[in-house]
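Coordinates in review
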Amino acid sequence: MEPRIGERIIGRDHPAGLLRAAVDRAVASHGGLVLVAGEPGIGKTTLVTAAADEARQRGALVLGAACWDSDSAPGYWPWVQVMRGLRRSADDWALARESSEPALRVLLGEDTGAGTGSGSGSGPADLADGDHEAFALYDAVTTALVSVSQRRPVIVVLDDLHWADPASMRLLRFATQHTWFERLLVIGTYRDAEVESAEHRLHPLLMPLTAKATTVTLTGLSRAEVGALISRTAGREPDAELLSEVHRRTGGNPFFVEQTARLWRAGGQVTTIAPGVRQAVQRRLAELPDAVVEVLTVAAVLGRDFHRQVLAACMPGPVAQVDRLLDRAVTARLVAARGEGRFTFAHDLVRETLYDALPDDDRRARHAAVVRAVDLSGALAERLIPADLARHAWLAGGALGRPAPPACSPPPAATRRGGWPRRRRWCTTAARWRSPTTRPSGSGRWSTSDGTCTTTPAGPRPTVSSPRPGRSRSPSTTRCCWRGSRTPCTGRRPSRTVRAPRRSCCGRRTGGSSASRTPLRRSPRSPPT
Ligand SMILES: Nc1ncnc2c1ncn2[C@@H]1O[C@H](COP(=O)(O)OP(=O)(O)O)[C@@H](O)[C@H]1O
Ligand SMILES: [Mg+2]
């Protein structure tokens, strides 16, 4: 029976198929280079590990290495690991040594006795990149692998290439040129969002390789696959609502799904950010320039979906600069363009981590800044639905500089300019936000803490509590005061003939999120997930 790639991996049929085909070719005739790209936690290591297991079962010699995120790792570190793996197989090592001594000994830091020209022979750090010795080393490593591949297929797996040293990348490029004619397959993984940034030190070395490689880019798991992963991790099946929530918040990133499912298994809420997830997101943010993080923070205040014009209006500095920073965030795969100036966070967990890190005062000030920006521009009012505006006004609290509820604040000028339809929606939504009984809670699709807002509340039709015990009434009968003490807000276009029901803009906020706020700090570089 044909062995299958990783029984334990969920989904990934297409990428696993591409890897299987590459392994098949390497076993039969010739190799090549396969690069598996994607964000941290998306499943790169899991996928290539499964492919390596299968290759092993098919008789290939698998030599694995992981690049290390530290300046203290010696030069050529991934290749040192590959050669150490080779040395563990006595027969293969004998073949390799025959063709590649003494350079291999230098790479492994063994005493060569005669030296390698420089005379010291003490280790790979002595091999200055770009000189004769470096070339001799590239040749020795490649020759060793090719020699062994004539005996049996060789699969070299280099994990986390985004952390490789430049010399190792040059050696990879050199070795890759020989794989097409031999049973030698190199599989590498890297974080595309990091390396595709022109500022990344490996950008000029890794990007040209992608042109020669079969590249597999991993994206989030589907909803059904997320369900399977939750069930497996938590030991019980999530219901449809919980599954949708986890899928939406994690964007199908398996690492985030697993962490969230573990939290759920331990009795926690899936709407809480698991500590491991927060750290992973913070590590990703710490890789970015401060200005990009600031743009993302303002975007996080705007919500999961936002418009670039609204974002730019809430930021100091020229629009073109904000656009550039936003592009950088897109390259980092933290937000995605949706067309027509609209953007969305890749997963809510990123947005929530940024939002939760804001101190309360700062958060209120930022919400107030959104309302003011929209207030100043009629054009922006078209980019932000009244429901969102009402949410920002509510979350701004006293930072807006007008009395907080129960005094009802008027809708912003832009909403007033938008005419009755906009104004009515403002009133209706503001009423929901301000009423203790109808304000959307943490459940359903409304949340004061997660910043998301839809125009339709998930719960039943809202009601507000009656001033008289034992009775309740609909919001349509509550007085509104923003238009002045003499003119109650009806929420409808005034009509001489039809008496419209009144809608409330009033209500008092109670409770609120008590989630602890952890300021975002740049963390030291840490091991891969
Ligand atoms: N397809 C998958 N099926 C099940 N679990 C997965 C899958 N992909 C990843 N995982 C799990 O998600 C976590 C992160 O995966 P990993 O391969 O380490 O991501 P990456 O290497 O991209 O950072 C691991 O614990 C792994 O078990
Ligand atoms: Mg990994």
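Scroll up to find the structure.
Computed from a prediction, not measured in an experiment: that's the story for all the values here.

**Some words on the site of ligand 1**
Of all residues adjacent to ligand 1, which total 18 residues, the nearest are Ile-10, Gly-41, Thr-45, Thr-46 and Glu-258. Note that an oxygen atom of ligand 1 is positioned 3.0 Å from one of the backbone N or O atoms of Gly-43. With respect to ligand 1, the side chain of Thr-46 contributes an N or O atom lying 2.6 Å from an oxygen atom. Coverage of ligand 1 by the protein chains reaches 86% of its 550 Å² of free accessible surface. The pocket occupied by ligand 1, as judged from atoms lying within 2 Å of grid points, is the second largest pocket. Among the elements of the structure, helix H2 (44-57), helix H10 (223-234) and helix H12 (254-265) are those that each provide at least two residues to the shell around ligand 1.

**Topic: the packing of aromatic side chains**
When we look at a pair of aromatic rings, we describe it by the centre distance and by the angle of the planes. Inspection of the entire model under this criterion finds five aromatic pairs. An angle of 90 degrees between the planes, with centres 5.4 Å apart, marks the rings of Phe-135 and Phe-174 as edge-to-face. Here Phe-135 is found in helix H6 (residues 132-149), whereas its partner Phe-174 is found in helix H7 (residues 166-179), with 39 residues between them in sequence. With 6.0 Å between their ring centres and 55 degrees between their planes, Phe-255 and Phe-256 make a pair best called tilted. Residue classification places Phe-255 among the buried positions, given a relative accessible area of 18%. The class for Phe-256 is buried, based on a relative accessible area of 2%. Grouped by ring-pair contacts, the aromatic residues Phe-135, Tyr-138 and Phe-174 constitute a single cluster. In this arrangement the basic side chain of Arg-236 is found over the ring face of Trp-264, its NZ or CZ atom lying 3.9 Å from the centre.

**Observations concerning the sheet that holds strand S7 (residues 335-339)**
Reading across from one edge, S6-S8-S7 is the order of the three strands in this open sheet, with antiparallel pairing throughout. Two strands lie at the open edges of the sheet, namely strand S6 (305-307) and S7, each paired on one side alone. Mean inter-strand twist for the sheet, computed between neighbouring axes without regard to direction, equals 30 degrees. Sheet topology places S6 next to strand S8 (residues 342-345); three bridges connect them, and they run antiparallel. Bridging from a neighbouring strand, Phe-306 pairs with Phe-343 of S8.

Cut-offs used in this document
- Residues numbered from 1 in each chain as written.
- Chains lettered and ligands numbered in written order.
- Predicted model: local features only at pLDDT ≥ 70, side-chain atom pairs only at ≥ 80, totals over all residues.
- Heavy atoms only, no water.
- Near = heavy atom within 4 Å.
- Polar contact = N/O pair within 3.5 Å; in protein donor to acceptor, adjacent residues only side chain to side chain.
- Areas by Shrake-Rupley, 256 points an atom, 1.4 Å probe, with all protein chains shown as cover.
- 1 Å grid on protein atoms, 1.4 Å probe; cavity = no way out; pocket = protein on both sides within 12 Å on 5 of 7 lines; lining within 4 Å.
- Sits in = over half its atoms within 2 Å of the grid points.
- Helix = DSSP H or I, 4+ residues; strand = E, 2+ residues; numbered from the N terminus.
- Phe/Tyr/Trp six-rings, centres within 6.5 Å; stacked < 30°, edge-to-face > 60°.
- Buried < 20%, exposed > 50% of the residue type's maximum accessible area, 1.4 Å probe, protein only.
- Lys NZ or Arg CZ within 6 Å of the ring centre and 35° of its normal.
- Pairing = 2+ DSSP bridges.
- Axes fitted to C-alpha atoms, helices over the stretch in contact; angles between N-to-C directions.

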